[in-house]
Amino acid sequence: MPYGPHTPDDRAQMLAALGISTVDELFADIPRELRASPLNLPPPEPELELSARLSGLARRNRVDMASFLGAGAYRHYTPAVVDQLLLRGEWYTAYTPYQPEVSQGTLQSIYEYESLIAELTGLDVVSASHYDGAAATAEGALMTCRATRRERVLVSRAVHPDYRATIRTYLSVGGLVVDEIPLVADGPAAGTTDLAALQHMLADESEPVAGVVVANPNFLGLLEPMAEVGRLAHAVGALFVSVVEPVSLGVLLPPGGYGADIAAGEGQPLGIPLQYGGPYLGLLASTEALVRQIPGRLVGLTKDLDGRRAFVMTLRAREQDIRREKAASNICTNQALLALAASIYLAAIGPHGLRDVAALGAAHAAALEDALADAGAPRLHPGPYLNEFAIRVPDAAAVHRGLLDRDVLAGLVLAEAEPEDPSLADGLLVCATEVTTKDDIDRFASALRAELRKTDRIPAVPVAGGVAS
Amino acid sequence: MPYGPHTPDDRAQMLAALGISTVDELFADIPRELRASPLNLPPPEPELELSARLSGLARRNRVDMASFLGAGAYRHYTPAVVDQLLLRGEWYTAYTPYQPEVSQGTLQSIYEYESLIAELTGLDVVSASHYDGAAATAEGALMTCRATRRERVLVSRAVHPDYRATIRTYLSVGGLVVDEIPLVADGPAAGTTDLAALQHMLADESEPVAGVVVANPNFLGLLEPMAEVGRLAHAVGALFVSVVEPVSLGVLLPPGGYGADIAAGEGQPLGIPLQYGGPYLGLLASTEALVRQIPGRLVGLTKDLDGRRAFVMTLRAREQDIRREKAASNICTNQALLALAASIYLAAIGPHGLRDVAALGAAHAAALEDALADAGAPRLHPGPYLNEFAIRVPDAAAVHRGLLDRDVLAGLVLAEAEPEDPSLADGLLVCATEVTTKDDIDRFASALRAELRKTDRIPAVPVAGGVAS
Amino acid sequence: MSVTGPRLQPVLFERSKPGRGDGKVPHPPKDALDRVPSDQLRAAPPALPELNEPEVVRHYVNLSQLNHAVDTGFYPLGSCTMKFNPKLNEWAARLPGFAGLHPEAPDEIAQGTLQLLFELEAMLAEISGMRAVSLQPAAGAQGELTGILMIRAYHRSRGDVERTDVLVPDSAHGTNPATATMAGFRTVNVPSAPDGGVDVDAFRAALGPRTAAVMVTNPSTLGLFEPRIGELLSAVHEAGALAYMDGANLNAILGRFKPGEAGFDVMHFNVHKTFSTPHGGGGPGAGPVGVGETLLPFLPWPRVLRETDGSFRRERPGERPTSIGRLRSFVGNTGVLVRAYAYIRAHGTALAEVTNDAVLAANYLKQRLAADGSYDIPFGRPCKHEFVASSTSLRKETGVRTLDVAKRLIDFGFHPPTVYFPLTVDEAMLIEPTETESLETLDAFAAALIEIAAEARSSPEIVTGAPQTAPVRRLDEATAARQPDLRWRPMTGRQMPCPD
Amino acid sequence: MSVTGPRLQPVLFERSKPGRGDGKVPHPPKDALDRVPSDQLRAAPPALPELNEPEVVRHYVNLSQLNHAVDTGFYPLGSCTMKFNPKLNEWAARLPGFAGLHPEAPDEIAQGTLQLLFELEAMLAEISGMRAVSLQPAAGAQGELTGILMIRAYHRSRGDVERTDVLVPDSAHGTNPATATMAGFRTVNVPSAPDGGVDVDAFRAALGPRTAAVMVTNPSTLGLFEPRIGELLSAVHEAGALAYMDGANLNAILGRFKPGEAGFDVMHFNVHKTFSTPHGGGGPGAGPVGVGETLLPFLPWPRVLRETDGSFRRERPGERPTSIGRLRSFVGNTGVLVRAYAYIRAHGTALAEVTNDAVLAANYLKQRLAADGSYDIPFGRPCKHEFVASSTSLRKETGVRTLDVAKRLIDFGFHPPTVYFPLTVDEAMLIEPTETESLETLDAFAAALIEIAAEARSSPEIVTGAPQTAPVRRLDEATAARQPDLRWRPMTGRQMPCPD
Ligand SMILES: Cc1ncc(COP(=O)(O)O)c(C=O)c1O
Ligand SMILES: Cc1ncc(COP(=O)(O)O)c(C=O)c1O
């Protein structure tokens, strides 16, 4: 047994205490006809060999390309201190802090997480935590229905497609209705949520709207008129759910600053590795008024018998282990360790550091825009963005594949993510962050130039060249 | 300041308390004419960029070859638990446990280290610790002089050349004499310490010998007649210093088992990374009779005021901070963290695991011997070995270089390490350990075959082929 | 309020000082944000704390030491399977090839992870006797939701839209009824029989044409294998309903019972319990779902598929229109699954011994307590991986409650078991030792419980006043709930702009 | 004796049980050792403890928590420069390219490390004003030995074999005289003047044709810069001797004083002090040595060289016959040097500010204590990175000694300073705050010392009975030394088979 402590003697001693001769007797209650067939698994593997197997698998992944892929998960620099603190067994081998007297470390860290995300979002109540950005957004949408006792939620088509799919899954079942708000097709606001359409949808009194869900920056990287969305939603008594990317909140107005009732989003950019999609961190925050609607763990400050300051899980009557079928959500295990990672990241990088991370991403993205335009791939939308944007590339999927062979991961093929939107058929969604280097950008631009040259893929209408900074 | 906490306000407050206006005033005692020229260093580098620089440098090293290089530092599998425990700040950001009340962690771990190495060596007193195997061996040689009040040490030529050089450096200065014991030139004992010569050297009554230093396995991988060496040394009142490789002690007789008074050696194989030569771990152990001669830290068991068991540094009157010029050695900072690593390694792998590691190395080495002989490179010496041995390859340096291009690190070119020994001119010193794979061995053998074919390097006398297991 | 004692720590914000902390990232050029409209920008950075790295380190190192964890001591938290977390697994998950892989990386550059996920699916299918497995759910509760949504989709696919009920035995985990509600079903609670198993008559009475599914936690939260499981499964299927097994307690039956073989239609795994991935102070986990033939078409997408050339790929959007869709973004909690994979491969066929040792340890501990008699052991028959003890008699005799016993265990250096759960047993303690605790530890824990009972009789105030050695004493939880203080700065108190 | 209290731990051997622990390495074939003569083999494996991984983890996690460390709190251990150890450096040293490189790897596959070492040498030369640097010495003391051996070689190379003495001021670190002895020299101690600097007259009197070298710890162990350093250096050189600077306290003078520029011939660095590499509970460190032109030929081999094509290589054996040889195996403590390199590059030119902040902090703390007056401050002039305080007056007044004050600091959550060192000051406390401690910490420490002095006056038994909050109370050190118990099993008591 690789990790078990029991020697044959130990087992014999325990069996003797139980007055039985084999452990099989403890399984006599499993009906004979339902007993398992033998486990057809490989033999136990010693650590030496297993570690080689695991390294071998890891090496089969390629993570060394010049990458411009974002689309909901972002490469960032995580200070070395974050993982070294996280690797302390006292954190990751503990569980739900049911016994606060021996869990003050975890409890205080959660309280601090709530406080940090409250500062970042400008909202008061922060749940710690949800599975990921998509599930948190879906929970946020459910909250709007519970709070307003209405059954229809409007979601912008510029919310991440996985989030929209998740919202559909979570909401559809209870007979709740999810409608998508179209995007502006052209003009300066192309690619952002169509406010006129939204207003029209909100006006339908036969189906009153519980919540409006819009992302900023949106899936296409564009900045949305969030304050206006909030005003429109509130005008008809709907709640406003803002989907946020937390690093951007180092420089962008926070949801609390433009009237959002709920903020949801993916916490991965706050020091959490990409690791092929998870574990990530579902951010969910709300105004104080919604405190009894918010699902998930809440930790509050209190004191002990001797008056010492201490922290404890609170408002637990929303949770499944107490309320069972009447709980606000079935969530039980959450993403606490990732909330801790995000807290350590924020503590290590600080407010100015976070601003610098966001601003560097913007600066690198601007350089990227210029270089790609120069190489023949102009932006697809004209509006402002922070650090991610779509470019127009003829035969995008093929070019993307060609670039892979040149060690460039050229973002996301939009036609694969959003097959139903013809306006994105030629689009690649690319992003830059603080870790994007000038070398990476140069490599992308020159490889792209070569790929475009390969066939006669250069777009018919020549793009404005020479604007590279 | 990357790690400093002081804000401009803090500094102003401190200066005000001191009644001065700039920090320069605190340096007024440095004579003006001796003040430093400006520091001509690169600008401060943020962690993001520095981490990229460091990864870039690390990537310029090639550590992915099939490696058969040992020669005093060995590749082993270190269970993941070792480094994760070592990475706890409580260990590595503490120092010498001067205050035992708040250092019981370090103190107990050192006591345990002493106990573990005592079990491994069969000796009672273990110093924790010395810089590396070479320095520990030199300190062991010095001990023999102090203990016997004699001034001549005999060192086998089959002790690692770096160790011999270090012994020369440490001993030469005090007017102490170091003589080298030649090796047997041919026959079944070729490559081992020449006992007849040793006996002859010991017999010189005009220069009585303090200590005899022999390694097992020796530098060429061969097993030495240690018990016989000990008998010869003791017969003339000399002490016997055995240089050991600790993993081999999982299967080989311990120094205490064949009469050694002192064991010294390199602790690196016990879970310590190769890291281009250090920090390693100098092992030094002795009989109880030599306890007041042994240099370096000793921790003993005692109790506290309330009768609790506790650990404390002891017999400190041998150390420099107390005895200054009369100390047993100038050693101050030692290799405590590496001693801890070795302890965790031994605790994690256990006695049976250690035996398995040593035995697997032997089994792989036997397979390697057969494969290389088959490829045209037979052993250079006939005697028994554990997991390292020399092979005969014409034009060894060139073949070694050629194999590098085939991603094989074919051990050590003996002519470079021991240029003065003509019998090693055609030698490569190769080793196998538990991490050596069959693939590695196959790659080595077939690459060697190709290299030997390249020129007409195949030795004139055909070697016995077909004995591969 | 004061932060008293050298072990408690100020909060991050109290450690902050403007101007501290720098050196992590380069400063951006001045014009970095010039392309962003100013009405989108903050006037000032968020009011996060400013610290330097040494302060951050001390903060978290000292905080961490306030926790009891599996790495520091015995943690017999019933239902949670607090087994040892192998360090190899932490190492593996951090390999750059795994940790640095983007979730939208094209399949051709993600073959290592895809292969691992594919093999893990296959191994989980073998362990559970299920036909196929989805690795997408982020935790057990999400696995349950996935399973119930598949059941719903199955009934709908047959035009069977009248099934509104989900039967849940009262010994089921709380997530089961909560999931049923979340999925739009009505929960019908089914009582237990005196032996702790489901009351078959009550069960049959509740079962009917409106029953969509039954959710059985097996072994149950009482630590008992459901002895009439065959009967229940037949009844369910006869009624046209499907059977869900909450497999969070799979640690108790590895190699002994394969739910798929026995007839369950769907189940979830809790890899953070059975397969030793860390619980992380509350998470993360992963809750893969296994299905039999019936529910195969409805699995969430994307699944990981093997091509005929041996390469692996993710299912494409829309490739399998019967899918219930997604429960979250991307493929799943891959980093957790890497750890589970490592654990399963480390054991291989020896997984059966894991269960043997876990069940043996639980029964031994139960026997030690039963032999002493200070605590009630409501169910005499062999338990599986955990068992319920109760302080009902002790309380009658001494006034000392389970809560007090739990707190007193802290002074003995142990984490308390799960208390007042399951809800169906008075003064319950749910004790789960797991297979990675030594006999010495089991004996010491039993001795502590027995000594506490003796204290309860001789000097109950020691027990009711516990803990004394923890960093804090018992907390004022009532005030915390009445006047929630959920963030460092005063709440802004902004009101909801819409009717509640 | 008992292991009392939940925090103390049994020793590894007490946790052992035969048959535990497995799964790390495959089992070897039965015939694995058949080629080894049986008289070389052990009959049974060594009697090491047998544990499983969970027990190993708990053992070391719990043990670690018994330590005070820089990562847990203030550690003002004078002379030891207990500054923060950046976490980036730990990460860097573990990069597989660095950690996995064999010390005998051919130069062409070791270019990354060789470049790093080459650059580090150059940066150390710049920082010290020295001509060249050897990275070989494993610690400061070995650096001293290296330096003194080079001085010896220098004199011999000139046929000057009569120089048998090394002058060592009494404020020098203990390693200096110990080194001189080890190198075969006679140590001549030179007293200090009342201002803490060297007594120049005594110095001149001791200096002569027999003087091989002077070893100056500068700043001295009193934390004072040697004000008459120019005078001393001229005298030394006039006498034909060479000047060694113990540079362990370089943290105090970065960017302010370059020993090489000032005329020192040789010095060592303590990278585990000045450049923030961890002290590891006693080590490892690294003690590079810098030399001026005079000693260049004598540097130990192998040095790291740059070829004209920009590649790097190690010196070959025998390439530089004037070398004193080697002090240890291989190139040096490379893993430590990687950390030092990272630290130096993180700061670059800002290293001067490190010194400013370290010296400012020390003077501020000294001033706070001086203003209070409870402790004596023997030297009024500005200190450098550390300063000496003394409890002489306090002891006279209250009977409370420096040792008691130190132990009482533990109850306040601080590590005591270095005590009874330097030996030249009665009841000495050598206090070194370093630059990485916040003003809040400095203030809290000063307040604690002042409060302890007040306690000494009002209730001295609190101070003399301290510590009370540590895992153990004061130890019986006398018995430990009288009847040494240095290993778990009883000593075998085997006698030395030769005359002593
Ligand atoms: C029996 C049982 N079912 C379901 C769950 C829910 O799993 P999770 O916490 O991963 O959501 C748990 C865990 O708490 C459990 O013990
Ligand atoms: C001033 C001084 N010199 C020399 C040394 C010796 O250095 P090391 O401990 O690295 O051998 C030290 C450190 O203890 C020191 O403080």
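Predicted, not measured: the structure shown is a model, and the values here were computed from it.

### Section: the overall build of chain C
Within chain C, the secondary structure is distributed over 17 helices and 12 strands. Against the compact-globule benchmark of 23 Å for 500 residues, chain C has a radius of gyration of 25 Å, which places it among compact chains. For chain C, the C-alpha atoms occupy an extent of roughly 75 × 70 × 55 Å along the three principal directions. Per-residue burial over chain C gives 69% buried out of 500 residues. Counted over contacts in chain C with a minimum sequence separation of 6, partners at least 24 positions apart contribute 71%. With an accessible surface of roughly 14600 Å², chain C has 51% of that area assigned to carbon and sulfur atoms. When the 50 basic and 57 acidic side-chain charges of chain C are each reduced to a single mean position, those positions are 4 Å apart.

### Brief notes about the site of ligand 1
Lining the immediate surroundings of ligand 1 are 17 residues, of which A:T333, C:G140, C:A141, C:D246 and C:K273 lie closest. The site occupied by ligand 1 is bordered by residues of chains A and C. Take C:S79: an N or O atom from its side chain is 2.9 Å from an oxygen atom of ligand 1. Separating an oxygen atom of ligand 1 from a backbone N or O atom of C:A141 is a distance of 2.7 Å. Considered on its own, ligand 1 offers 390 Å² of accessible surface; in the complex 99% of this is hidden by protein. Sort the elements by how many residues they give to the shell around ligand 1 and helix α5 (residues 140-157) of chain C lands first, with three residues. Residues that form the shell around ligand 1 fall into these classes: five nonpolar, nine polar and three charged.

### What about the site of ligand 2?
Near ligand 2, the surroundings consist of 17 residues, among which B:T333, D:G140, D:A141, D:D246 and D:K273 are the closest. A distance of 3.1 Å separates an oxygen atom of ligand 2 from a polar atom in the side chain of D:N270. Here ligand 2, which alone exposes 380 Å², has 99% of that area covered by the protein. Contributing elements (two or more residues each) for the shell around ligand 2: α5 (140-157) and α10 (271-274) of chain D. Element by element, the count of residues in the shell around ligand 2 is highest for α5(D), at three residues. Looking at side-chain class alone, the shell around ligand 2 contains five nonpolar, nine polar and three charged residues.

### Quick notes on the interface of chain A and chain C
Quoted interface sizes are often the accessible area lost when the parts come together. With 203 residues of chain A at the contact, the number on the chain C side is 214 residues. Here chain A and chain C share an interface that buries about 18000 Å² over both sides, 63% of which is from carbon and sulfur atoms. Across the contact surface, chain A and chain C share 16 salt bridges. For A:D24, the salt bridge goes to C:R256, with nearest N and O atoms at 2.7 Å. The interface formed by chain A and chain C contains 88 residue pairs in polar contact (both at pLDDT 80 or more).

### A few points about the environment of A:H234
Residues and elements named next belong to chain A. Summarising the element assignment, H234 is placed in helix α9 (residues 226-235). For H234, a relative accessible area of 22% puts it in the partly exposed group. Through-space distance from the C-alpha of H234 to that of G259 is 8.9 Å; in sequence the pair is 25 residues apart.

### Quick word on the sheet that holds strand β7 (residues 262-266) of chain B
Residue and element names in this part refer to chain B. What the seven strands build is an open sheet, ordered β2-β8-β7-β6-β5-β3-β4; its pairing is mixed. Strand pairing shows two members of the sheet lacking a second neighbour, β2 (125-130) and β4 (177-181), which therefore form its edges. For this sheet the average axis-to-axis angle between neighbouring strands, irrespective of direction, equals 20°. Where helix α7 (residues 161-172) meets the sheet, it contacts β3 (152-156), β4, β5 (209-216), β6 (239-244) and β7, and its direction lies at approximately 160° from that of β4.

### Some words on the side chain of B:D10
Secondary-structure assignment places B:D10 in helix α1 (residues 8-18). Residue B:D10 is classed as buried on the basis of its relative accessible area, which comes to 0%.

### With respect to the domain arrangement of chain A
Residues and elements named next belong to chain A. The domain architecture assigned to chain A consists of domain 1 (66-73 + 350-457) and domain 2 (80-345). In this structure, domain 1 and domain 2 have C-alpha centres spaced 28 Å apart. Taken together, the contact between domain 1 and domain 2 spans 24 residues of the former and 27 residues of the latter. Summed over both sides, the interface of domain 1 with domain 2 buries roughly 1900 Å², with 67% coming from carbon and sulfur.

### Notes on the state of the cysteines
Per the counting criterion, the structure on display carries zero disulfides over all chains. Counting only cysteine sulfurs, D:C80 is the nearest neighbor of D:C383, a cysteine outside any disulfide, at a range of 16 Å.

### What about the interface of chain D and chain A?
Listed by partner, the interface residues are 18 residues for chain D and 16 residues for chain A. Of the roughly 1400 Å² buried at the junction of chain D and chain A (both faces included), carbon and sulfur atoms supply 55%. By the criterion of area lost to chain A, the three top residues of chain D are D:K24, D:P26 and D:K87, representing 31% of everything that side buries. Inspection of the region where chain D meets chain A yields three salt bridges.

### Notes on the pairing of strand β4 (residues 211-217) of chain C
Looking along a regular strand, one sees the side chains alternate between the two faces of the sheet. Residue and element names in this part refer to chain C. Within β4, seven of the seven residues are buried, which leaves it mostly tucked inside the rest of the structure. For strand β2 (residues 165-169) and β4, the ladder comprises three bridges, and the chain directions are parallel. Paired with D165 across the strands is T211, a residue of β4. When β4 meets strand β5 (residues 242-247), the two strands line up parallel, connected through five bridges.

### Here's the deal with the domain arrangement of chain C
Residues and elements named next belong to chain C. Parsing chain C into structural domains produces domain 1 (1-22 + 50-59), domain 2 (88-350) and domain 3 (352-476). Look at where the C-alpha atoms of domain 2 and domain 3 centre, and you get two points 31 Å apart. Taken together, the contact between domain 2 and domain 3 spans 26 residues of the former and 22 residues of the latter. The tally of links from domain 2 across to domain 3 stands at zero salt bridges. If you look at where domain 2 meets domain 3, you find 13 residue pairs in polar contact (both at pLDDT 80 or more). Class assignment of the residues belonging to the side of domain 2 that touches domain 3 gives a composition of 12 nonpolar, 11 polar and three charged.

### Considering the sheet that holds strand β13 (residues 412-413) of chain A
All names here are of chain A. Pairing within the open sheet is antiparallel, and its three strands lie in the order β11-β14-β13. Each edge of the open sheet carries a strand with a single partner, namely β11 (388-392) and β13. Judged from the two bridges that link them, β13 and strand β14 (residues 427-431) form a sheet pairing that is antiparallel. Bridging from a neighbouring strand, L412 pairs with L429 of β14. Against the sheet, helix α11 (residues 336-375) contacts β11 and β14, and its axis sits at roughly 5° relative to β11.

Rules behind the numbers
Residues numbered from 1 in each chain as written. Chains lettered and ligands numbered in written order. Predicted model: local features only at pLDDT ≥ 70, side-chain atom pairs only at ≥ 80, totals over all residues. Heavy atoms only, no water. Helix = DSSP H or I, 4+ residues; strand = E, 2+ residues; numbered from the N terminus. Rg over C-alpha atoms; globule rule 2.2 N^0.38 Å. Buried < 20%, exposed > 50% of the residue type's maximum accessible area, 1.4 Å probe, protein only. Contact = heavy atoms within 4.5 Å. Areas by Shrake-Rupley, 256 points an atom, 1.4 Å probe, with all protein chains shown as cover. Lys, Arg positive; Asp, Glu negative; His and termini not counted. Charge placed at Lys NZ, Arg CZ, Asp CG, Glu CD. Near = heavy atom within 4 Å. Polar contact = N/O pair within 3.5 Å; in protein donor to acceptor, adjacent residues only side chain to side chain. Nonpolar A, V, L, I, M, F, W, Y, C, P; charged D, E, K, R; others polar. Buried area = accessible area lost by both parts, 1.4 Å probe. Salt bridge = Lys/Arg side-chain N within 4 Å of Asp/Glu carboxyl O. Pairing = 2+ DSSP bridges. Axes fitted to C-alpha atoms, helices over the stretch in contact; angles between N-to-C directions. Domains from an automatic or database assignment. Disulfide = S-S within 2.5 Å.

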